[in-house]
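Here is what each chain is made of, one letter per residue.
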Amino acid sequence: MTREEFRELAKREIIILDGATGTNLIAAGMPIGCCPEQWILEHPQIMLDLQNEYVKAGTKILLAPTFTANRIKLAEYGLENDLEDMNRRLVAISKEAAGDQAYVAGDLTMTGQQLYPMGNLQFEELVDIYKEQVRVLADAGVDLFIVETMMSLQETRAAVLAIKEETELPVMVSMTYESDGRTLYGSDPATATVVLQSLGADAVGMNCSTGPEQMVEPVRQVVDVAYIPVLAKPNAGLPELIDANTVYRTTPEEFAKVGAVLVDEGATILGGCCGTTPAHIRALAEAVKGKQPFQEKTERRRLLASERKTVEIKLDGSFFVVGERINPTGKKKLQAELREGSLDLVRKMAREQEENGAAILDINMGMNGIDEKQMMLETIYEVTGTVDCPLCIDSSHVDIIEAALRIYPGRALINSISLEKEKFEKLLPIARKYGAMFILLPLSDEGIPKTVEEKRQIVRTIMDAALAIGMKKEDIVVDGLVATVGANANAALECFDTIHYCKKELGLATICGLSNISFGLPGRQYVNTAFLTMAIAQGLTMAIANPSQELLMNAAYASDMLLHKEESDIRYIHRMNRLEQKEEPKEAAKTGEAKSDVHPVFEAVLQGSKGSILAKVDEALANGEKPADIIDKHLIAAINEVGVLFDKQIYFLPQLISSAQTMEKAITYLEPMLQKDDGEEPKATLVIATVEGDIHDIGKNLVVLMLKNYGYHVIDLGKDVAADIIVETAMRENAAVIGLSALMTTTMMRMKDVVELVKEKGCKSKVIIGGAAITQSFADEIGADGYSKDAADCVKLVEHLLEA
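Now for a quick tour of the structure.

What counts, and where the lines are drawn
Residues numbered from 1 in each chain as written. Predicted model: local features only at pLDDT ≥ 70, side-chain atom pairs only at ≥ 80, totals over all residues. Heavy atoms only, no water. Helix = DSSP H or I, 4+ residues; strand = E, 2+ residues; numbered from the N terminus. Rg over C-alpha atoms; globule rule 2.2 N^0.38 Å. Buried < 20%, exposed > 50% of the residue type's maximum accessible area, 1.4 Å probe, protein only. Contact = heavy atoms within 4.5 Å. Areas by Shrake-Rupley, 256 points an atom, 1.4 Å probe, with all protein chains shown as cover. Lys, Arg positive; Asp, Glu negative; His and termini not counted. Charge placed at Lys NZ, Arg CZ, Asp CG, Glu CD. Pairing = 2+ DSSP bridges. Axes fitted to C-alpha atoms, helices over the stretch in contact; angles between N-to-C directions. Core = buried A, V, L, I, M, F, W, Y, C linked by side-chain atoms within 4.5 Å. Parallel < 35°, antiparallel > 145°, perpendicular 65-115°, else oblique. Left-handed = near helix turned anticlockwise from the far one by under 90°. Nonpolar A, V, L, I, M, F, W, Y, C, P; charged D, E, K, R; others polar. Salt bridge = Lys/Arg side-chain N within 4 Å of Asp/Glu carboxyl O. Right-handed = clockwise from strand over helix to strand, strands pointing away. Arc of directions from axis to C-beta. Patch = residues over 30% accessible without salt bridge, like charges linked within 9 Å, V, L, I, M, F, W, Y side chains within 5 Å. Phe/Tyr/Trp six-rings, centres within 6.5 Å; stacked < 30°, edge-to-face > 60°. Disulfide = S-S within 2.5 Å.

1. So, the overall build of the chain
Thinking step 1. Each helix and strand in the chain was counted, giving 31 helices and 25 strands.
Thinking step 2. The C-alpha radius of gyration computed for the chain amounts to 28 Å, which stays within 12% of the reference 28 Å derived for 804 residues, consistent with globular compactness.
Thinking step 3. In terms of overall dimensions, the chain has C-alpha extents of about 85 × 75 × 45 Å along its principal axes.
Thinking step 4. Every one of the 804 residues in the chain was classed for burial, and the buried ones make up 58%.
Thinking step 5. Relative to all contacts within the chain whose residues are 6 or more apart in sequence, the contacts with residues 24 or more apart total 76%.
Thinking step 6. Surface summary for the chain: the accessible area is close to 32300 Å², and the carbon and sulfur share equals 49%.
Thinking step 7. Each charge class in the chain can be summarised by its mean position, and for the 83 positive and 120 negative side chains these summaries are 4 Å apart.

This is the structure we're talking about:
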């Protein structure tokens, strides 16, 4: 199947996928804890019968049961060397079931390992791991691919790149969202859609985690920004415990009724996830028969995205500032830190620019004495984990721009592509491949254009070349190429002409660097501000500037308001109110009333500054603070505040992990001093494990890290741990609490096994549970002593139970 054939299929009909595999195989006798792929190959007729029933029910695309047949997952069972043989045989089962009635999709999912910098797995390693499976699946004859049940947008990008670099087959992508409407890593549906469709996905959507009713709103969010078909694969409701069995209550009729609503909201590829059966798919196919299939949108939007936020650029919308500060040119302190390998100042600049109103951050690492490419990559990792703003990748080297785009977990803006042969020929295909927008710089190998018409011609040439390779006008932002008014009296007028021409005649967004206009003049801020307000009136879309310059920023907000742009009055008032709040501490400082209560150690943990935390701790020790006080008053206080920010969705998993790792580093450093100075015994002992049959441990590992940071003696038993081992360890170690984690609905009942064994053995430990599919009601049903929704909540729960 070609990509075009897939698109035409989506335009002809609502595409029906299959339903659940795992829950149906368990019902057919597959034991918990085995390798699903191996069990299927040992019982091929059961899988064949199930998929035959799906095809009879109306399935148009069958998912081959290769879900966890990648090298990392298979290694959990010692089967990594059988990867090729297993994937081939699994595809053969699905191809037999499909016959000439359905297509077969090779199915990829998460590896269960965290990517750098939160984990140790490098991005390129992960791409290679996916490529290995992709090559086998493509050779085995799959018609297309699906990447599903993904929690990490970056891991999803790796899978999509692997597929696109190894084959030309279509790829559908499906994320899974928590009850708060975001992935575990903080991506919302619209942002994930922007990133993945720009990268070349042929369909995008969601599966698992929720029932069909709860999927309606996130589907709306996807449809709003998608110009490719939208996919929805809900569970048959949320799992419930009935007579010691995990049950999905949503009937085929109820499932199909809401499935029709999902189509009305714009989803055109539908199937079922956990708990669904051929009966659910049959009812769904019948309910959506005759409904409107995919209709391609002709209008595109200018959307940039980080991993957690989307920014829309409109020709007549709000004016945006691209923060220029993360650039070592002329900044001796930043240069010195970069040479030392420190990114503390970079993080500080990123936070300050976001706080001061920058919508996008420019990242430039061009300087002598460092490995510019490596520093660019490390900076992207740090800034991405620090702020939510999308990034603008700024370098004069093509290879550095490509390396940065490859690992950036969002949709970036390239700064810039000119008509210079090296950049023009190489960077346009790179921008297309990674789905980036780009700044069109009207320069050629002959240098700066000598006339306005020459500048226009360069703009048209680059634009036409971009359109010819499949890019859109909405992917382009033209640099006005500001000259110095001191040397060219028409500099501002020529820039205004470019802005007007691009907006009115070509329909292109525009940008400029403000500071050039005033070079060599006194009172530069006044020239810059006057130029900016006039440029905004001419239609300037964005400017690269320092957002800490209040005169400039305030003038930009006021200009938007005077031009009656949408919600500009509210934005202006909010900015003025925020500035007043910032002025109050300054006034207090002048009168001697201000007193900063933010300790450097507290601040380092709050900001996840792993590189500087030990220096801050040493400073506190040198000032006479005791190790125990540093932990109790600053480290624990900071991680508590991080937990509050996480609860409020101001922080997400990357920031939470970064802060926890920063705290861990400080505590590890202080622990020997604690033992020597205070001789304190550790807090209560806790036993933590992922239950038998479940090999997912991302959430569990974070819980372990957080509890250790709070001083508890934590025994981490790992993943896929049998109930008897958990309870025996708890009794032997006199553990106060047993913590259980499960990601899969199919392994939830192993938690009940542990609870029952605790009672049977007379174990005194309290049992707490958590995981993606776990709820308070499930905890109540199985008799657990508590439920926590995340790592920060788990700390509070443990403290509460131990105080009771």
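2. Some details on the sheet that holds strand β10 (residues 269-270)
Thinking step 1. Read from one edge to the other, the open sheet built from eight strands follows the order β1-β10-β7-β6-β5-β4-β3-β2, with strand pairing classed as parallel. If you trace the sheet from one side to the other, it starts and ends with β1 (15-16) and β2 (61-63), each paired once.
Thinking step 2. As judged from the two bridges shared by β1 and β10, these two strands associate in the parallel manner. Looking across to β10, one finds that Ile15 is bridged to Ile269.
Thinking step 3. Sheet strands in contact with helix α10 (residues 216-225) are β6 (203-207) and β7 (230-233), and its direction is about 165 degrees off that of β6.

3. As for the nonpolar core
Thinking step 1. Formed by 198 residues in total, the largest nonpolar core has its most connected members in Phe438, Leu635 and Leu707.
Thinking step 2. Counting residues per element, this core draws most heavily on helix α25 (residues 627-647), which supplies 10 residues.
Thinking step 3. Counting residues in each nonpolar core, the second largest holds 30 residues, with Leu241, Ala735, Ala742 and Ile774 among its members.

4. Some details on the sheet that holds strand β22 (residues 713-716)
In sheet architecture, strand pairing relies on hydrogen bonds along the backbone and comes in two forms, parallel and antiparallel.
Thinking step 1. The five strands lie next to each other as β22-β21-β23-β24-β25, forming an open sheet whose pairing is parallel. The open sheet has two edge strands, β22 and β25 (786-787), and neither has a second partner.
Thinking step 2. The pairing of strand β24 (residues 766-770) with β25 spans two bridges and is parallel. Bridging across to β25, Ile769 finds its partner in Tyr787.
Thinking step 3. Along the sheet, helix α28 (residues 723-732) contacts β21 (685-690), β22 and β23 (737-741); its crossing angle with β21, the most-contacted strand, is approximately 170 degrees.

5. Quick look at the pairing of strand β13 (residues 320-323)
Thinking step 1. The alternating pattern of β13 places Phe320 and Val322 and Val321 and Gly323 on opposite faces, both of which are buried.
Thinking step 2. One ladder, built from four bridges, connects β13 with strand β20 (residues 542-545); its direction is parallel. Bridging from a neighbouring strand, Val322 pairs with Ile544 of β20.
Thinking step 3. Bridge count between β13 and strand β14 (residues 360-364): two bridges; the pairing is parallel. Each residue of the ladder has a partner; that of Val322, found in β14, is Ile360.

6. Looking at the packing of helix α7 (residues 123-140) against helix α8 (residues 153-166)
Thinking step 1. It is at 8 Å that the axes of α7 and α8 come closest, and there the two elements cross at 50 degrees. It follows that α7 is oblique to α8 by the angle criterion. The interaxial crossing formed by α7 with α8 has right-handed handedness. Taken together, the residues of α8 that come into contact with α7 (itself represented by Phe123, Leu126, Val127, Tyr130, Lys131, Val134 and Arg135) are Gln154, Glu155, Arg157, Ala158, Ala159, Leu161, Ala162, Ile163, Glu165 and Glu166.
Thinking step 2. The residue inventory of the contact of α7 with α8, partitioned by class, reads 10 nonpolar, one polar and six charged.

7. Examining the pattern of salt bridges
Thinking step 1. Inspection of the entire model under this criterion finds 44 salt bridges.
Thinking step 2. Two residues, Glu296 and Lys11, come together in a salt bridge whose shortest N-O distance is 3.2 Å. Note that Glu296 is positioned in the loop between α12 (278-287) and β11 (302-305) and Lys11 in helix α1 (residues 3-12), a separation of 285 residues in sequence.
Thinking step 3. Put simply, Arg220 and Glu217 hold a salt bridge, and the shortest N to O gap is 2.9 Å. One end of the pair is Arg220 and the other is Glu217, both in helix α10 and three residues apart, which spans about a single turn.
Thinking step 4. Classification of Arg220 by relative accessible area gives partly exposed; the value is 38%.
Thinking step 5. Connected through salt bridges with shared partners, the residues Glu124, Lys131, Glu165, Arg406 and Lys433 form a single ionic network.

8. Regarding the pairing of strand β15 (residues 391-394)
Thinking step 1. Side chains Leu391 and Ile393 project from β15 onto one buried face, and the interleaved Cys392 and Asp394 project onto a second face that is buried too.
Thinking step 2. Note that the unit made of β14, helix α15 (residues 372-386) and β15 has a crossover that is right-handed.
Thinking step 3. Following the backbone out of β15, through helix α16 (residues 398-407) and into the adjacent parallel strand β16 (residues 413-417), one traces a crossover that is right-handed.

9. A look at α28
Thinking step 1. When we look at burial in α28, the residues that qualify are Ala723, Ile726, Val727, Thr729 and Ala730. For α28, the angular spread of buried residues about the axis comes to 160 degrees, placing them on one side.
Thinking step 2. Of the surrounding elements, those touching the buried residues of α28 are β21, β22, β23 and α29 (749-761).
Thinking step 3. Note on α28: the residue one or two positions beyond its end, Asn734, has a positive phi of about 55 degrees.

10. A short note on the packing of helix α4 (residues 44-57) against helix α6 (residues 83-98)
Thinking step 1. Running from amino to carboxyl end, α4 crosses α6 at an angle of 40 degrees, the nearest separation of the two axes being 9 Å. Accordingly, the angle class assigned to the pair α4 and α6 is oblique. Judged by the twist between their axes, the crossing of α4 over α6 is right-handed. The residues of α6 that touch α4, namely those facing Pro44, Met47, Leu48, Gln51, Asn52 and Val55, are Ile93, Ser94, Glu96, Ala97 and Ala98.
Thinking step 2. Here the contact of α4 with α6 is composed, by residue class, of seven nonpolar, three polar and one charged.

11. As for a negative patch on the surface
Thinking step 1. Together, Glu692, Asp720, Asp724 and Glu728 make up a region of like negative charge exposed at the surface.
Thinking step 2. Summarising the element assignment, Glu692 is placed in the loop between β21 and α27 (698-709).
Thinking step 3. Owing to a relative accessible area of 33%, Glu692 belongs among the partly exposed residues under this scheme.

12. Digging into the environment of Val134
Thinking step 1. Along the chain, the position of Val134 falls in helix α7.
Thinking step 2. Spatially, the C-alpha atoms of Val134 and Lys164 are 9.6 Å apart, while their sequence positions differ by 30 residues.
Thinking step 3. Discounting residues that sit within four places of it in the chain, Val134 has contacts with Leu108, Phe145, Ala162, Ile163, Glu166 and Thr167.

13. Topic: the packing of aromatic side chains
Thinking step 1. Using the criterion set out here, one finds two aromatic pairs in the structure.
Thinking step 2. Measuring from centroid to centroid gives 5.0 Å for Tyr116 and Tyr381, while their planes differ by 85 degrees, and the two rings are edge-to-face. With Tyr116 in the loop between β3 (103-108) and α7 and Tyr381 in helix α15, the pair connects residues that are 265 residues apart, well separated along the chain.
Thinking step 3. What makes Tyr381 buried here is its relative accessible area of 13%.

14. A short note on unusual backbone geometry
Peptide bonds are, in most cases, trans, and in most cases residues other than glycine have a negative phi.
Thinking step 1. With an omega of 10 degrees, the peptide bond between Tyr116 and Pro117 qualifies as cis.
Thinking step 2. Here Pro117 shows up in the loop between β3 and α7.
Thinking step 3. Asn415 connects to Ser416 through a cis peptide bond whose omega is 15 degrees.
Thinking step 4. Relative to the helices and strands, Ser416 resides in strand β16.

15. Quick look at the environment of Glu692
Thinking step 1. Along the chain, Glu692 and Val721 lie 29 residues apart, while their C-alpha atoms are 4.5 Å from each other.
Thinking step 2. Apart from residues lying up to four places away in sequence, Glu692 is in contact with Ile32, Asp720, Val721, Ala722, Ala723, Thr747 and Arg750.

16. With respect to the state of the cysteines
Thinking step 1. Applying the stated criterion to the full structure yields zero disulfides.
Thinking step 2. Cysteine Cys273 remains unbridged, with the sulfur of Cys208 as its closest cysteine sulfur at 4.0 Å.
Thinking step 3. Between Cys794, a cysteine without a disulfide, and Cys763, which holds the nearest cysteine sulfur, the sulfur-to-sulfur distance is 17 Å.

The values are spatial; any link to function lies outside them.
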